[in-house]
Amino acid sequence: MKSIERNIDIRRYLNWSRIVKGKPIHIRLYELIYYELLIMWFEMNKPPLRRLIYETINSQDFENNFIRGKVFQKYIDEVLETPCEDGSGYYNPNSREILTEVNIKELYDIKFLIKDELDNVRMIDRYNGIFTFCKIYEKWCLEKKAKQVDDVTKKERFDVTLDLPLKISEKP
């Protein structure tokens, strides 16, 4: 297994994604799908996106990680491990944000929606689901990064670049 930490673009993305603030709830879960694709993309020596997604949906881990939702549940469990002392929610130490009980309920709701979307017999529907989730995530990231690159006061500092390591859609 190759170490993804050796690639500077991936390392910058990982640092940025960990500390970026203001992620909508659905983006937090779409990010997990993008991250799994990114790891596989790097391990497969950067194949074209179409092949990458097909390899992902045909992998042994797809059923466990996405259809059964283990990747999403692991993230939710990590959030639930850090309750605020005042009971106002759950603290994310990386981005220094607090997720409320309502946010946790939304995480579960979106988790089940994603699982339903990906639990499909037709491969093309699974492909379209993965592609759509990653495209939405990419759009959000690129908009957020564009704002941060221009703002020198942002804490997200050198990690902010204009693009992502794995490009889902082409720029117009």
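Before going further, it helps to spend a moment on the nonpolar core. Grouped together as the largest cluster of nonpolar side chains are 46 residues, with contacts concentrated most on Tyr34, Ile114, Ile130 and Leu166. If you tally residues by element for this core, the top one is helix H2 (residues 25-43), at twelve residues. What Ile114 contacts, discounting residues up to four positions off in sequence, is Leu29, Tyr30, Ile33, Phe72 and Phe133.

What follows concerns the environment of Lys111. Within the fold, Lys111 resides in helix H6 (residues 101-118). Lys111 sits in the buried class, given a relative accessible area of 7%. For the pair Lys111 and Arg68, spaced 43 residues apart in sequence, the C-alpha to C-alpha distance is 9.8 Å. When residues no more than four places from it in sequence are discounted, the contact partners of Lys111 are Leu29, Gly69, Phe72, Gln73 and Ile76.

It is worth spelling out the packing of aromatic side chains at this point. Under the criterion given, the structure shown has eight aromatic pairs. With centroids separated by 6.3 Å and ring planes inclined at 45 degrees, the aromatic side chains of Trp16 and Trp140 adopt a geometry described as tilted. Pair noted here: Trp16 is in helix H1 (residues 8-19) and Trp140 is in helix H7 (residues 123-150), with a separation of 124 residues, a long-range link. The same class applies to Trp16 as to Trp140, namely buried. Taken together, Tyr13, Tyr34 and Tyr137 form an aromatic cluster joined through their ring pairs. If you follow Lys145 out to its NZ or CZ, it ends over the ring of Trp16, 4.4 Å from the centre.

Further remarks concern the pattern of salt bridges. A full pass over the atoms with the stated rule returns six salt bridges. A salt bridge links Lys105 to Asp109, with the shortest nitrogen-to-oxygen separation between them at 3.1 Å. Remark: Asp109 and Lys105 occur in helix H6; sequence separation between them is four residues, near one turn of the helix. Where Lys139 meets Glu143, a salt bridge forms, and the shortest distance between an N and an O atom there is 3.3 Å. In this pair, Lys139 and Glu143 both sit in helix H7, four residues apart, roughly one turn of the helix. The class for Glu143 is partly exposed, based on a relative accessible area of 42%.

As a further point, take helix H5 (residues 70-80). Of all the residues in H5, the buried ones are Val71, Phe72, Gln73, Tyr75, Ile76 and Val79. Looking at the buried residues of H5, the elements they touch are H2, helix H4 (60-67), strand S1 (90-92), strand S2 (97-99) and H6.

To continue, consider H2. Relative to the 27 Å expected for 19 residues at 1.5 Å per residue, H2 spans 28 Å between its end C-alpha atoms, a close match to the ideal helical length. With 15 of 19 residues buried, H2 is to be regarded as a mostly interior element. Note on H2: the residue one or two positions beyond its end, Asn45, has a positive phi of about 65 degrees.

Here the focus is the packing of H2 against H7. Two elements in contact, H2 and H7, have axes separated by 9 Å at closest approach and are oriented at 110 degrees. It follows that H2 is roughly perpendicular to H7 by the angle criterion. Like other packed secondary-structure pairs, H2 and H7 cross with a definite hand, here left-handed. Residues His26, Ile27, Tyr30, Glu31, Ile33, Tyr34 and Leu37 of H2 form the contact with H7, whose own contacting residues are Ile130, Phe133, Cys134, Ile136, Tyr137 and Trp140.

Our next topic: the side chain of Lys23. With respect to the element layout, Lys23 can be found in the loop between H1 and H2. Polar contacts involving the side chain of Lys23 include one to the side chain of Glu31, which spans 2.8 Å. Leave out the neighbours within four places in its chain, and Lys23 touches Ser17, Arg28, Glu31, Glu97 and Trp140.

Rules and cut-offs
Residues numbered from 1 in each chain as written. Predicted model: local features only at pLDDT ≥ 70, side-chain atom pairs only at ≥ 80, totals over all residues. Heavy atoms only, no water. Core = buried A, V, L, I, M, F, W, Y, C linked by side-chain atoms within 4.5 Å. Buried < 20%, exposed > 50% of the residue type's maximum accessible area, 1.4 Å probe, protein only. Helix = DSSP H or I, 4+ residues; strand = E, 2+ residues; numbered from the N terminus. Contact = heavy atoms within 4.5 Å. Phe/Tyr/Trp six-rings, centres within 6.5 Å; stacked < 30°, edge-to-face > 60°. Lys NZ or Arg CZ within 6 Å of the ring centre and 35° of its normal. Salt bridge = Lys/Arg side-chain N within 4 Å of Asp/Glu carboxyl O. Expected span 1.5 Å × (residues − 1). Axes fitted to C-alpha atoms, helices over the stretch in contact; angles between N-to-C directions. Parallel < 35°, antiparallel > 145°, perpendicular 65-115°, else oblique. Left-handed = near helix turned anticlockwise from the far one by under 90°. Polar contact = N/O pair within 3.5 Å; in protein donor to acceptor, adjacent residues only side chain to side chain.

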